[in-house]
Amino acid sequence: MSMITSVEQLETLYGLPGEASVVKELDQLIPEYAAIIEASPFAVLATCGPEGLDCSPRGDLAGFVRIHDPKTVMMPDRRGNNRADSLRNILRDPRVALLFLVPGSGTTLRVNGRAHITIDTALCASFAVEGKPARSVTVIEVDAVYFQCARAIHRSELWNPARHVDPRSLPTPGQILEITSRKNIDGEVYDKEWPERAKKSMW
């Protein structure tokens, strides 16, 4: 197997980025980038810690990531499985990356920066949904922001309903847990109870 082992080899294969790939990167938000964040109900958060890397989905009502100023965004953390992998990583390594998606749009937005976690009562309350405040808020200082080319979204036909997979063709969470727990968890019961549990922990 032929391996690339140097940046020089990589640049020989791919060439250098064009002007459009470079000038789109800024160190703060502009109104055009802010508009994408405000329209996005879903983002992926990447973090790094001693145990390795983590990439975690984050979703809420559109605009759930709040723009505090051109250099700062804030993201609420709500009830979940309490693994808190991303938050553990941030405490030990503040570097983070966010990838925002907007349903129906091919354009995604990437934000790289450094984060800290706050449990300020007033701030958490300001992110309340249905009367439930955020458990904590991740505050991110923006180091770099740029939009991502739409090729991946178009190639995958991500928003094309005709390409959507029937969930019934996939293993259910209960089936997976029954196997990974060596049958300590009853998969059928887990799947049956999940909708009600989800309602209770939505926010």
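Small disclaimer: the values here were computed from a predicted structure and weren't measured.

Visitor: I tried to follow the environment of S21 on my own but got confused; where do I start?
Guide: Assignment of secondary structure puts S21 in helix α2 (residues 19-23). What makes S21 partly exposed here is its relative accessible area of 42%. Along the primary structure S21 and F147 are separated by 126 residues, whereas in three dimensions their C-alpha atoms are 9.2 Å apart.

Visitor: What am I meant to see in the sheet that holds strand β6 (residues 108-118) here?
Guide: Two modes of strand pairing occur in sheets, parallel and antiparallel, and in both the strands are linked by backbone hydrogen bonds. The antiparallel open sheet is built from 7 strands, whose spatial order is β2-β1-β5-β6-β7-β4-β3. The open sheet terminates on both sides in strands that have one partner only, identified here as β2 (52-59) and β3 (66-69). If you compare each strand with its neighbour and ignore which way they point, the axes differ by 30 degrees on average. Both β3 and strand β4 (residues 72-77) contribute to a ladder of 3 bridges, which runs antiparallel.

Visitor: Help me out: how do you make sense of the packing of aromatic side chains in this one?
Guide: Ring pairs (aromatic) are described by centroid distance and by the angle formed between their planes. For the coordinates displayed, the defined rule picks out 0 aromatic pairs. Positioned above the aromatic ring of F147 is the side chain of K24, whose terminal nitrogen or guanidinium carbon lies 4.8 Å from the ring centre.

Visitor: For this particular structure, what's the right way to read helix α4 (residues 85-92)?
Guide: Two residues of an α-helix separated by three or four positions point the same way, owing to the 3.6 residues in each turn. Every buried residue of α4 is listed here: S86, L87, N89 and I90. Along the axis of α4, the buried residues cluster in a sector spanning 160 degrees; they form a single face. Buried residues along α4 sit in contact with β1 (42-49), β2, β4, β5 (95-101), β6 and β7 (136-148).

Visitor: What's the story with the pattern of salt bridges in this structure? I'm lost.
Guide: Pairing between side chains of opposite charge can happen when their charged atoms approach one another. With the rule as written, the count across this model stands at 9 salt bridges. Between D85 and R83 there is a salt bridge, with the nearest N and O atoms lying 2.8 Å from each other. You can call R83 exposed: its relative accessible area is 52%. The network of salt bridges with common partners includes R114, E141 and D143.

Visitor: Can you help me understand the state of the cysteines in this one?
Guide: Between two cysteines, a covalent bond joining their sulfur atoms is known as a disulfide. Inspection of every chain in the model, using the stated rule, returns 0 disulfides. Here C55 stays free of any disulfide, with the sulfur of C48 as its closest cysteine sulfur at 12 Å. With a relative accessible area of 57%, C55 lands in the exposed category. There is no disulfide at C149, and the cysteine sulfur nearest it, in C55, is 19 Å away. Exposure remark for C149: the relative accessible area of 31% places this residue in the partly exposed category.

Visitor: Please explain the layout of surface pockets as it appears in this structure.
Guide: Which parts of space are left empty comes out when a probe the size of a water molecule is rolled across the atoms. Taken as a whole, the largest pocket spans an internal volume of roughly 730 Å³. Looking at the largest pocket, it is lined by 26 residues, and the ones nearest its centre are P57, R58, D77, R79 and G80. Contributions of two or more residues to the lining of the largest pocket are made by β2, β4 and α4. Here the lining of the largest pocket gets 6 residues from one element, more than from any other, and that element is β2. Looking at side-chain class alone, the lining of the largest pocket contains 10 nonpolar, 7 polar and 9 charged residues.

Reading the values: the criteria
- Residues numbered from 1 in each chain as written.
- Predicted model: local features only at pLDDT ≥ 70, side-chain atom pairs only at ≥ 80, totals over all residues.
- Heavy atoms only, no water.
- Helix = DSSP H or I, 4+ residues; strand = E, 2+ residues; numbered from the N terminus.
- Buried < 20%, exposed > 50% of the residue type's maximum accessible area, 1.4 Å probe, protein only.
- Pairing = 2+ DSSP bridges.
- Axes fitted to C-alpha atoms, helices over the stretch in contact; angles between N-to-C directions.
- Phe/Tyr/Trp six-rings, centres within 6.5 Å; stacked < 30°, edge-to-face > 60°.
- Lys NZ or Arg CZ within 6 Å of the ring centre and 35° of its normal.
- Arc of directions from axis to C-beta.
- Contact = heavy atoms within 4.5 Å.
- Salt bridge = Lys/Arg side-chain N within 4 Å of Asp/Glu carboxyl O.
- Disulfide = S-S within 2.5 Å.
- 1 Å grid on protein atoms, 1.4 Å probe; cavity = no way out; pocket = protein on both sides within 12 Å on 5 of 7 lines; lining within 4 Å.
- Points joined across faces, edges and corners; volume = space filled by probe spheres on them.
- Nonpolar A, V, L, I, M, F, W, Y, C, P; charged D, E, K, R; others polar.

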